[in-house]
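A closer look at the structure
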Amino acid sequence: MSEKRVVITGLGTVNPIGSNVPDYEAALKLGKCGITKITKFDVSDYTTKIAATLKDDVDLSLHFDKKELRRYSRFVMLAVVAATEAVKDSGLDVEKEADQIGVEIGSGIGGIEILEQTCKTLAESGPSRVGPFTVPMMIPDMAAGLVSIRTGAKGPNSASVTACASGTHSMGNAYRIIQRGDAVAMIAGGSEACVTPVGLASFCAARSLSQNEDPLTACRPFDGARDGFVMGEGAGVLVFEEYEHAKARGATIYAEVIGFGSSGDSYHITAPAPEGEGGSRAFAKALKDAGINPSDIDYINAHGTSTILNDKNETAAIKKIMGDDAYKVAISSTKSMTGHLLGAAGAIEIVAGCLAIRDSFVPPTINYNTVDPDCDLNYTPNEAVDKNIDVMVSNSFGFGGHNAVIAIKKV
């Protein structure tokens, strides 16, 4: 049985530089920074005092009633907001084919704020005061669960939890599900909301975060002065659909999903394998799956976290697979603008890729000012560039050595 072709027909996002897809694209083109000082809790004793959080125009009460606002964790609600936009954008009639439409939405951490609040309640008031919805509010799969409930999608339903690769693994799984004919469409992506006291403190303790107190310059992927990543929150959700199904209903097609590759470093729980060995294998698998050569790639949305090790090793991985073509391809890290959305990062970056293909531009890597000899490729510094893009690749690498790479192309 031949594999089905898979296309992307709907986009949705809520993130630090855009509360919807049009706002997100406008911000990407302008090189807008969504990082600010943290004001939602006291960070005076923290080594990092900044994060990329959602703007005030994101009003969750427009999507949930008062009871739901108390019952659902933030990452779950953000997933619903993004999924609602994506399904509406796709024009897909979910109710009509409910059992053939599934959901795959990942999260690296899930409802950490619920765990924090519950631990406080338990310590102060005892077990009888712990709420009955604590577990469903906290577990990472609940984003996929609630999106299924809200949209009516009754097909395959699951969630990948692979740290910063969660969103990309979820999209890769959705791609495979449709390829083999187990669904005609999948609502896929990632969601994260862990800018909380424990979330921030944990990454501070791991010495992973930038300690630059200037929000506008703190996240600087591939720059010689980079000193760590910046936490972000938000969601990206896309509608993946079987090509003939999309074509038959006259859907708008943003791009075709052509390849997916994944691998494990088998090296360290937080540090990437030297020379990006694991990431390079995932990259190679994605290209082989897509049936393309390195010279066919027009744009790479890099994992590009702004950490010393990631950016150096990702650059090495790209060089290993692409050879001389590594110096010709356009690369950028949109995390320089959005911060690092962890389990949602890959999803909003594929949304960016779809927009880049449709509207022929490469988003910039902002805050790039100091050359690092170990990072010597074209990272599209500081300003977006007009460029026709036929093939785009997105890299996602996560703690635990989880690597996922996805490739899309213009139809």
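This write-up is about the structure you can find in this document.

What counts as what
Residues numbered from 1 in each chain as written. Predicted model: local features only at pLDDT ≥ 70, side-chain atom pairs only at ≥ 80, totals over all residues. Heavy atoms only, no water. Helix = DSSP H or I, 4+ residues; strand = E, 2+ residues; numbered from the N terminus. Rg over C-alpha atoms; globule rule 2.2 N^0.38 Å. Buried < 20%, exposed > 50% of the residue type's maximum accessible area, 1.4 Å probe, protein only. Contact = heavy atoms within 4.5 Å. Pairing = 2+ DSSP bridges. Salt bridge = Lys/Arg side-chain N within 4 Å of Asp/Glu carboxyl O. Axes fitted to C-alpha atoms, helices over the stretch in contact; angles between N-to-C directions. Parallel < 35°, antiparallel > 145°, perpendicular 65-115°, else oblique. Nonpolar A, V, L, I, M, F, W, Y, C, P; charged D, E, K, R; others polar. Polar contact = N/O pair within 3.5 Å; in protein donor to acceptor, adjacent residues only side chain to side chain. Arc of directions from axis to C-beta. Left-handed = near helix turned anticlockwise from the far one by under 90°. Core = buried A, V, L, I, M, F, W, Y, C linked by side-chain atoms within 4.5 Å.

Some points on the overall build of the protein
The helix and strand inventory of the protein stands at 13 helices and 14 strands. At 20 Å, the protein has a C-alpha radius of gyration in line with the 22 Å of a compact globule built from 411 residues. Taking the principal axes of its C-alpha atoms as reference, the protein extends roughly 65 × 50 × 40 Å. Looking at the 411 residues of the protein, the share that counts as buried comes to 59%. The long-range share in the protein, meaning contacts at least 24 apart out of those at least 6 apart in sequence, stands at 79%.

Topic: the pairing of strand β1 (residues 6-14)
Along β1, nine of the nine residues are buried, which leaves the element largely enclosed by surrounding structure. Relative to strand β8 (residues 255-264), β1 is paired through three bridges, and the arrangement is antiparallel. From the neighbouring strand, I8 faces β8, where its bridge partner is A255. Direction of pairing for β1 relative to strand β7 (residues 234-242): antiparallel, over a ladder of eight bridges. Looking at β7, one finds that V7 is bridged to E241.

Digging into the pattern of salt bridges
Evaluation of the coordinates by the stated rule reveals 17 salt bridges. R74 is paired through a salt bridge with E233; the nearest N and O atoms lie 2.9 Å apart. Separated by 159 residues along the polypeptide, R74 in helix α3 (residues 74-90) and E233 in the loop between α8 (197-205) and β7 bring together distant segments of the chain. Judged by relative accessible area, which is 23%, R74 ranks as partly exposed. Residue classification places E233 among the buried residues on the basis of a relative accessible area of 3%. Here E241 and R249 are joined by a salt bridge, their closest N and O atoms 2.7 Å apart. E241 sits in the buried class, given a relative accessible area of 0%. What emerges from the salt-bridge pattern is a single network uniting E25, K29, R358 and D359.

What about the packing of helix α1 (residues 21-30) against helix α13 (residues 345-359)?
With their axes 11 Å apart at the nearest point, α1 and α13 run at an angle of 75° to one another. One way to sum up the angle between α1 and α13 is to call them roughly perpendicular. On α13, the residues touching V21, Y24, E25, L28 and K29 of α1 are I348, E349, V351, A352, L355, R358 and D359. Looking at side-chain class alone, the contact of α1 with α13 contains seven nonpolar, no polar and five charged residues.

Some remarks on the side chain of N367
Counting through the fold element by element, N367 comes out in the loop between β11 (361-362) and β12 (385-386). Engagement of the side chain of N367 in a polar contact is seen with the backbone oxygen of L216, the distance being 3.2 Å. Within the structure, N367 has its side chain in polar contact with the backbone oxygen of C219 (distance 2.9 Å). With sequence-adjacent residues up to four places away left out, N367 is seen in contact with L216, T217, A218, C219, R220, D223, S336 and N382.

With respect to the pairing of β7
Burial analysis of β7 places nine of its nine residues in the buried class, the great majority of the element. Of the two faces of β7, the one lined by G234, G236, L238, F240 and E242 and the one lined by A235, V237, V239 and E241 are each fully buried. In the sheet, strand β6 (residues 185-192) pairs with β7 via eight bridges, with the strands oriented antiparallel. When the sheet's bridge partners are listed, G190 is paired in β7 with G236.

A closer look at α8
Among the residues of α8, G199, L200, F203 and C204 are the ones counted as buried. Summarising the axial view, the buried residues of α8 lie within an arc of 130°, below the 170-degree limit, and thus occupy one face. Structurally, α8 contributes buried residues whose contacts are with α4 (112-125).

Some words on the packing of helix α10 (residues 277-290) against helix α11 (residues 308-322)
Two numbers describe how α10 lies on α11: the axes approach to 9 Å, and their chain directions differ by 40°. The angle between the axes of α10 and α11 places the two elements in the oblique class. For the pair α10 and α11, the sense of crossing is right-handed. Of the residues in α11, those touching α10 at G279, S280, F283, A284 and L287 are A317, I318, K320, I321 and M322.

Focus on the environment of A153
On the secondary structure map, A153 appears in the loop between α6 (142-151) and β5 (157-158). For A153 and V21, which are 132 residues apart along the polypeptide, the C-alpha to C-alpha distance reads 22 Å. In this structure A153 touches V94, A98, I101, G102, V103, S148 and I187, once residues within four positions along its chain are discounted.

Let's talk about the nonpolar core
Within the largest apolar cluster, 52 residues are counted, with the highest numbers of intra-cluster contacts made by I8, L11, L238, F240, I350, C354 and I408. Ranked by residues supplied to this core, first place goes to α13 with nine residues. With 33 residues, the next largest nonpolar core counts L60, A83, A86 and V239 among its residues.

So, the sheet that holds strand β10 (residues 330-332)
Taken in spatial order, the ten strands make up an open sheet running β5-β4-β6-β7-β1-β8-β14-β13-β9-β10, and their pairing is mixed. Unpaired on one side and paired on the other, β5 and β10 mark the two borders of the sheet. α11 contacts β9 (299-301), β10 and β13 (391-398) of the sheet and is inclined by roughly 135° relative to β13.

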